[in-house]
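Each chain is listed here by its residues.
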Amino acid sequence: MTAFLRAVCSKYRFETVRRISELTAEYLRQYDPGDDQVTESKNALALSIVVCTHNRPETLEQLLGILRPQIAGQPIEIIVVDSASRPAAAHRVRQLVEGQDNVRLIRLDTPGLSVARNAGVQAVKTEWIGFIDDDELPAPDWIELAKALINRLPADCAVCGGNVLPVPAEGDMPAIGPKWMAYLSTIDHQGEFDQTDNLACGLGHSLVRLSALQSVGSFDPSLGRSGTSLLSGEDVLMLNRLVEAGWRIWHSDTLKVGHVIEPERLTRAWVRKRAYWEGVSVARMLHLHDPKALWAATTKIFFVTPALAVLNLLTPGYKEFDLRYAYATGFLTTALKHGKSASS
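A quick note: this is a predicted structure, and the numbers were derived from the prediction, not measured.

Conventions and cut-offs
Residues numbered from 1 in each chain as written. Predicted model: local features only at pLDDT ≥ 70, side-chain atom pairs only at ≥ 80, totals over all residues. Heavy atoms only, no water. Phe/Tyr/Trp six-rings, centres within 6.5 Å; stacked < 30°, edge-to-face > 60°. Helix = DSSP H or I, 4+ residues; strand = E, 2+ residues; numbered from the N terminus. Buried < 20%, exposed > 50% of the residue type's maximum accessible area, 1.4 Å probe, protein only. Lys NZ or Arg CZ within 6 Å of the ring centre and 35° of its normal. Pairing = 2+ DSSP bridges. Core = buried A, V, L, I, M, F, W, Y, C linked by side-chain atoms within 4.5 Å. Contact = heavy atoms within 4.5 Å. 1 Å grid on protein atoms, 1.4 Å probe; cavity = no way out; pocket = protein on both sides within 12 Å on 5 of 7 lines; lining within 4 Å. Points joined across faces, edges and corners; volume = space filled by probe spheres on them. Nonpolar A, V, L, I, M, F, W, Y, C, P; charged D, E, K, R; others polar.

1. Re the packing of aromatic side chains
(1) Moving on: In this structure the tally under the stated criterion is 5 aromatic pairs.
(2) Moving on: Between the aromatic rings of Phe-131 and Phe-219, the centroid separation amounts to 6.3 Å while the plane-to-plane angle is 85°, which identifies the pairing as edge-to-face. With Phe-131 in strand β4 (residues 128–132) and Phe-219 in the loop between α8 (210–216) and α9 (234–244), the pair connects residues that are 88 residues apart, well separated along the chain. Neither residue differs from the other here; Phe-131 and Phe-219 are each classed as buried.
(3) Moving on: Note on Tyr-318 and Phe-321: the rings are 6.0 Å apart at their centroids and 50° apart in plane angle, and the pair reads as tilted.
(4) Moving on: In this structure, Arg-117 packs its charged tip against the face of Phe-131, placed 5.7 Å from the ring centre.
(5) Moving on: Here the guanidinium or amino end of Arg-117 rests over the ring plane of Phe-219, the centre of that ring lying 5.5 Å away.

2. A short note on the pairing of strand β8 (residues 205–209)
Looking down a regular strand, the side chains alternate between one sheet face and the other.
(1) Moving on: Burial analysis of β8 places 5 of its 5 residues in the buried class, the great majority of the element.
(2) Moving on: Two elements, strand β6 (residues 157–168) and β8, share 3 bridges in a ladder whose sense is antiparallel. Note that in β8 the partner of Val-159 across the bridge is Val-208.

3. Some words on the nonpolar core
(1) Moving on: Ranked by internal contacts, the top residues of the largest apolar core, which has 30 residues, are Ile-49, Ile-78, Trp-142 and Leu-207.
(2) Moving on: Counting only elements with at least two residues in this core, the list comes to β1 (47–53), α3 (57–71), β2 (76–83), α4 (87–97), β4, α6 (142–152), β6 and β9 (248–261).
(3) Moving on: Excluding anything up to four places from it in sequence, Leu-207 contacts Leu-47, Trp-128, Ile-129, Gly-130, Trp-142, Ala-146, Leu-149, Ile-150, Ala-158, Val-159, Cys-160 and Leu-255.
(4) Moving on: Ile-79, Phe-131, Ala-212 and Leu-239 belong to the second largest nonpolar core, which has 29 residues in total.

4. Describing empty space enclosed by the protein
Think of a ball as big as a water molecule: rolled over the atoms, this probe shows where empty space is left.
(1) Moving on: Counted by the stated rule, this structure contains 2 cavities of 30 Å³ or more.
(2) Moving on: By volume, the largest cavity is sized at about 40 Å³.
(3) Moving on: Elements supplying a minimum of two residues to the lining of the largest cavity: β1, α5 (113–123) and β4.
(4) Moving on: Top contributing element to the lining of the largest cavity by residue count: β1, with 3 residues.
(5) Moving on: Of the residues that constitute the lining of the largest cavity, the class distribution is 7 nonpolar, 1 polar and 2 charged.

5. Some thoughts on the pairing of β9
(1) Moving on: Burial of β9 is extensive: 11 of the 14 residues sit out of reach of the surface.
(2) Moving on: Relative to β9, strand β5 (residues 136–138) runs antiparallel, the two being bridged by 3 bridges. For Glu-136, the partnering residue across the bridge sits in β9 and is His-259.
(3) Moving on: One ladder, built from 10 bridges, connects β6 with β9; its direction is parallel. Opposite Val-159, over in β9, you have Ile-249 as the bridge partner.
(4) Moving on: Pairing of strand β7 (residues 192–194) with β9, which is carried by 3 bridges, proceeds in the antiparallel orientation. By the bridge assignment for β9, Asp-194 is matched with Trp-250.

Here it is, written out as structure tokens:
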């Protein structure tokens, strides 16, 4: 995969430079602004890409290798937020960023994806933010398509998500079920549409309007990945807040990234753990922000869990009953713990 990416980057570095040269020549033929206008044009940023990273300098290097040629000569910056990586990884991240035009580094000693995203949001100087995870590989025309998409999104759009397609780090992608694919953050929808009433979106690969985020507050630091924890839920909570505030959520298949899937994530042990933590995340999110909905869900899951336990023992892989059972176990364990603490 590394050899492939090098070849792709080499090809598109040439194409990007050629295209920029053509656009510059066309611009100069049509318009010759005064010095003040030129200075303002150079200094005004159009888009900020925020990449939160934790102990993954190898995939971060691939990501930056794809993005740098795309932002060359453009009013676009990349903000890398190092979320308390270990010393060796943090040193490598600094090396990747130092001396790079329009690339900044923010180092945090407190881990947590929500904390890192909040730091990235506070650092941006643009109305639109592009969130890309550190293990994602954007298409070679991602920046160009993102800029065009921003110009046609409606004024009440707060978030536009894109497609996230799995790319195994080793070998071929095995045949796995839909829940497993979802736990790998896979999104593959066709077209461009308003998905507010049927959300299937994560913020790990998205365009987000800064003013919309500011209108509803920051990411909840009690949710989201931290270290080796698989806790999540911060995306869902933020999207729900935006919708409740009247914002719309869109999807566009013009935005595409590959998601590097490490071999561990293609094991049954990992996906069961991921399903368990999804249950924990949903229960914790509801406990913090919608207690009535928590207990309604708890009642429903309580009655179906014994059946899931039996089906898990008899046919664990069939219809992914083992993942359903793991989710239910995580949800109930967390919900009942919060209920016990509230009554004591």
